[in-house]
Amino acid sequence: MTDTTLATPGFRSLLRHLWQDQRVWLASAVILAALAVFDTPQAAESARFAGQALLNTAPFLILSIAIAAWANATGADNLIAKAFTGAPVLMIALGALAGGISPFCSCGVIPLIAALLAMGVPLSAVMAFWLASPIMDPSMFVLTAGVLDLEFAVAKTAAAIGLGVFGGTVVHLMMKVGAFADPLRDGIGNGGCGGAKVRAPKPVVWRFWTEPDRRAKFGKTALTTTLFLAKWLTLAFILESLMLAWIPAETVTSALGGEGLLPIVTATFVGVPAYLNGYAALPLVGGLIGQGMAPGAGMAFLIAGGVTSIPAAMAVWALARPQVFALYIALSLTGAFASGLLFQLWSMT
């Protein structure tokens, strides 16, 4: 009796940690297991589809993983600090550009954002970086080109930078009339390790393989990025297989296809609750476009979902005051709709 009583909390703790650490893999396993019970042919088809899709995207995965590991090992992210010096208009432009090409994820950017705001960098420049950062990075560009196409990847990069410039400009104009004098929540510190990159940026070591610590950092980043991409893309491809099997093409076409503004508006707002992850969303959007979704609607879905995804939105909520958060969401949705509309017009020419 004593052994059972003592073992129960440990078993519950094990299950809790397993769910916290491996919930994406568990979700994929549960879906396949449920399919095996209730629809065995579809279980086999979904597993085959996911495996084949991963194999087809493997070259792009390898390249994106190498880029992420290289950026971390060399310290190339320190170059971003240089974007936040100079005139406000220049800072907005450089902040948007840095956000659009930086390797930061929506979570990894939190300490840097906190440091920038706490150190007095204008909210306009920080907002430009903040809006652009979750949408695109070097790894995302490579995967977008591989899963969708190069034109879509270039357009999404332009949309990320454009949204950053748009949002930063709006904030700049509002600040000129006295808004957002104190954007940070009470108790936010000086940014910790993220602040060090801004206060005293270290030089980039391009020949990182000459230093054991940087080689180890490269290997660790490559491993974690591989596991991260593998779990999310596996889940995404399984969901895409089910979407292709169970959602009639005419349903997608009627809701998100066709011309006009309605499909783009719908995709903009659907992207907020339906978004999974920047990498996982790519094959899903590819499948929807293949079923008839308008390209502009796909762009709006990716932009809105990326900026308002739970990690990105929670980062803003945790650091900034509610009015800054509300503006962030408003700018995200407006920019996503505008990006989708412009890409749709471009696709029609």
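As shown above, the structure is provided for reference.
Quick caveat: nothing in here was measured; it's all calculated off a predicted structure.

*Asks:* Honestly, the pattern of salt bridges in this entry has me stumped. Any pointers?
*Replies:* One side chain can pair with another of opposite charge once the charged atoms of both are near each other. Within this structure, the stated rule accounts for 2 salt bridges. Across the salt bridge formed by Arg48 and Glu45, the nearest N and O atoms sit 2.8 Å from each other. Of the two residues, Arg48 and Glu45 are both situated in helix 2 (residues 40–74); the distance of 3 residues between them amounts to about one turn of the helix. Look at Arg48 and you get partly exposed, because its relative accessible area is 46%. Among the residues examined, Glu45 registers a relative accessible area of 33% and is labelled partly exposed. For the salt bridge of Arg214 with Glu211, the shortest nitrogen-to-oxygen distance reads 3.1 Å.

*Asks:* Honestly, a nonpolar patch on the surface in this entry has me stumped. Any pointers?
*Replies:* On the surface, Leu261, Leu262, Val265 and Phe269 cluster together to form a nonpolar patch covering roughly 400 Å² of accessible area. Positionally, Leu262 belongs in helix 11 (residues 262–274). The exposure class assigned to Leu262 is exposed, which follows from its relative accessible area of 62%.

*Asks:* I'm lost on the packing of aromatic side chains in this one. Help?
*Replies:* The description of two aromatic rings rests on the distance between their centres and on the angle between their planes. In the structure shown here, the tally under the stated rule is 5 aromatic pairs. On the numbers, 5.6 Å between centres and 20° between planes, the contact of Trp70 with Trp206 is stacked. Taken together, the positions of Trp70 in helix 2 and Trp206 in the loop between helix 8 (192–199) and helix 9 (212–246) put the pair 136 residues apart, joining distant regions of the chain. Judged by relative accessible area, Trp206 falls into the partly exposed class, the value being 47%. Measuring from ring centre to ring centre gives 5.0 Å for Phe152 and Phe343, while their planes differ by 70°; the resulting arrangement is edge-to-face. One end of the pair, Phe152, is in helix 7 (residues 150–175); the other, Phe343, is in helix 15 (residues 322–348), and 191 residues separate them in sequence. Accessibility assignment for this pair places Phe152 and Phe343 in one class, buried. One aromatic cluster in this structure is built from Phe208, Trp209 and Phe218.

The rules behind these values
- Per-chain numbering applies: the sequence of each chain, read as written, is numbered from 1 onward.
- With pLDDT at 70 or above as the cut-off, local features in this predicted model cover only qualifying residues; side-chain atom pairs require 80 or more to be listed or tallied, and sums for whole chains, interfaces and linings still use all residues.
- The side-chain numbers reported here are obtained from all heavy atoms of the structure, hydrogens and water having been left aside.
- Between Lys or Arg on one side and Asp or Glu on the other, a salt bridge is scored when a side-chain nitrogen of the former is within 4 Å of a carboxyl oxygen of the latter.
- Secondary structure elements are taken from DSSP: a helix is a run of H or I of four residues or more, a strand is a run of E of two residues or more, and numbering for both begins at the N terminus.
- Think of it in three bands: with a 1.4 Å probe and only protein chains considered, a residue is buried below 20% of the maximum accessible area for its type, exposed above 50%, and partly exposed in between.
- Here the term patch refers to residues with relative accessible area over 30% and no salt bridge, with like charges joined within 9 Å and nonpolar side chains (Val, Leu, Ile, Met, Phe, Trp, Tyr) within 5 Å.
- The Shrake-Rupley method, run with a 1.4 Å probe sphere, supplies the accessible areas, and residue values consider only the shown protein chains as cover.
- Working definition: rings of Phe, Tyr and Trp (its six-membered ring) pair if their centres are within 6.5 Å, and the pair is stacked with planes under 30 degrees apart, edge-to-face with planes over 60 apart, and tilted otherwise.

Note that every value here comes from positions in space, so none of it alone points to a role or purpose.
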